[in-house]
Amino acid sequence: MDMPTTPTPASNSRPAATRGAVKPSRGPARGASTMLAIHRSLRADIVEMRRQPGEPIVEKQIAEAFGVSRTPVREALQRLADEGLIEIFPQVGTFVARIPVSALPEAIVIRTSLESTAVRYAAQRATGSQIANLRANLVLQQETVQDGDLDAFHEADERFHALIAEIAGYPGLWSMAQQVKVQVDRYRRLTLPEPGRLAHVLAEHAGIVDAIADADPALAADRMAVHLDGLLTSIPQAQGANPFFFTGP
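Residues numbered from 1 in each chain as written. Predicted model: local features only at pLDDT ≥ 70, side-chain atom pairs only at ≥ 80, totals over all residues. Heavy atoms only, no water.

- Per an unreviewed UniProt entry, the protein is named GntR family transcriptional regulator, and its organism is Azospirillum isscasi.

Have a look at this one:
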């Protein structure tokens, strides 16, 4: 396996002073809760690309930030390694894993299947107030687009898809989608700064809501599939713009 080298920051990277910073714990958490807190913090940093592929992770710094020994840090790092989010090289160091290109298509296909099912049921079952909630979320997305706030847009986007599964009556469909789309989320964060990208996603979301409001399950599913298929077609462009961040052809 090729050893990682220092990455070139992506266009949506944050200033060096904040990128990759560990959020310290608020108190002297202990045991399993400490490990989970460290895991949760590091995982969020990696998935949201605050820690970029190839970036080193230093146990000592994390332990000091949380005010704990290295034991819970090592346990958290091992869990992240099991998830494919970091790579541990004995006697060398620990690094944020690059995004495996080969894993993206299958993850996107699985997500599309789950969410197409959810939106079909949502179109059959949505009440007036639920449709209003979806439209309110669209307004929130619009505000984040106007502000150019990528993090807030991503959060509103995630909530939009979660709402659809809740309206469908099967929130577990979104939970399953979240489990398979971790690497997709990392790659997707690289696409958000592309000119016109946010407005395009917002327009697709609006079309999905219109189909749900019209109680048209087939149209809603088709629009969801087209929306998520865009993630497949954008892979080469994202990889070409950030070659170090990916591994595989």
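Picking up where we left off.
As for the packing of aromatic side chains
Working step 1: For the coordinates displayed, the defined rule picks out three aromatic pairs.
Working step 2: Relative to F95, the ring of F89 lies with its centre 6.0 Å away and its plane at 65°, an arrangement referred to as edge-to-face. The same class applies to F89 and to F95, which are both buried.
Working step 3: Arranged with centres 6.5 Å apart and planes meeting at 65°, the rings of Y187 and F246 form a pair that is edge-to-face. You can see Y187 sitting in helix α8 (residues 182-191) and its partner F246 sitting in strand β5 (residues 246-247), a full 59 residues away along the chain. The same class applies to Y187 and to F246, which are both buried.
Working step 4: Looking at R98, its charged tip hangs above the ring of F244, at a distance of 5.7 Å from the centre. (Phe/Tyr/Trp six-rings, centres within 6.5 Å; stacked < 30°, edge-to-face > 60°. Buried < 20%, exposed > 50% of the residue type's maximum accessible area, 1.4 Å probe, protein only. Helix = DSSP H or I, 4+ residues; strand = E, 2+ residues; numbered from the N terminus. Lys NZ or Arg CZ within 6 Å of the ring centre and 35° of its normal.)

Some words on the packing of helix α6 (residues 150-168) against α8
Working step 1: The contact between α6 and α8 brings their axes to 11 Å, and the two run at 135°. When the axes of α6 and α8 are compared, the pair comes out oblique. Two packed elements cross with a definite hand, and for α6 against α8 that hand is right-handed. Judged by residue contacts, D151, F153, H154, D157 and E158 of α6 engage D185, R188 and R189 from α8.
Working step 2: Looking at side-chain class alone, the contact of α6 with α8 contains one nonpolar, one polar and six charged residues. (Axes fitted to C-alpha atoms, helices over the stretch in contact; angles between N-to-C directions. Parallel < 35°, antiparallel > 145°, perpendicular 65-115°, else oblique. Left-handed = near helix turned anticlockwise from the far one by under 90°. Contact = heavy atoms within 4.5 Å. Nonpolar A, V, L, I, M, F, W, Y, C, P; charged D, E, K, R; others polar.)

Observations concerning unusual backbone geometry
Working step 1: Positive phi, normally seen in glycine, also occurs at M49, with a value near 65°.
Working step 2: The topology assignment puts M49 in the loop between α1 (31-47) and β1 (56-57).
Working step 3: Assessed through its relative accessible area of 5%, M49 is described here as buried.
Working step 4: Although it is not a glycine, Q91 sits at a positive phi angle of roughly 70°.
Working step 5: In this fold, Q91 is placed in the loop between β2 (86-89) and β3 (93-96).
Working step 6: Residue classification places Q91 among the exposed positions, given a relative accessible area of 83%.

Re the sheet that holds β2
Working step 1: Taken together, the three strands give an open sheet; going across it, the order is β1-β3-β2, and neighbouring strands pair in antiparallel fashion. Looking at the sheet topology across the chains shown, the edges are occupied by β1 and β2.
Working step 2: Note: β2 against β3, four bridges, orientation antiparallel. Each bridged residue has a counterpart across the sheet, and for E87 the counterpart in β3 is F95.
Working step 3: Across the sheet, helix α3 (residues 70-82) is in contact with β1 and β2; its angle to β2 comes to roughly 115°. (Pairing = 2+ DSSP bridges.)

Some thoughts on the nonpolar core
Burial of nonpolar side chains together is a common tendency in soluble globular proteins.
Working step 1: V119, L134, I164, Y187, I212 and F246 are the most contacted members of the largest nonpolar core, which has 42 residues in total.
Working step 2: At the level of elements, α4 (104-125), α5 (128-147), α6, α7 (171-180), α8, α9 (197-213), α10 (217-233) and α11 (235-241) are the ones that each hand at least two residues to this core.
Working step 3: By residue number, the principal contributor to this core is α4, which donates eight residues.
Working step 4: Setting aside residues no more than four positions away along its own chain, I164 makes contact with A118, V119, A122, L134, I208, I212 and M224.
Working step 5: Counting residues in hydrophobic clusters, the runner-up holds 18 residues, among them A63, L77, L80 and V96. (Core = buried A, V, L, I, M, F, W, Y, C linked by side-chain atoms within 4.5 Å.)

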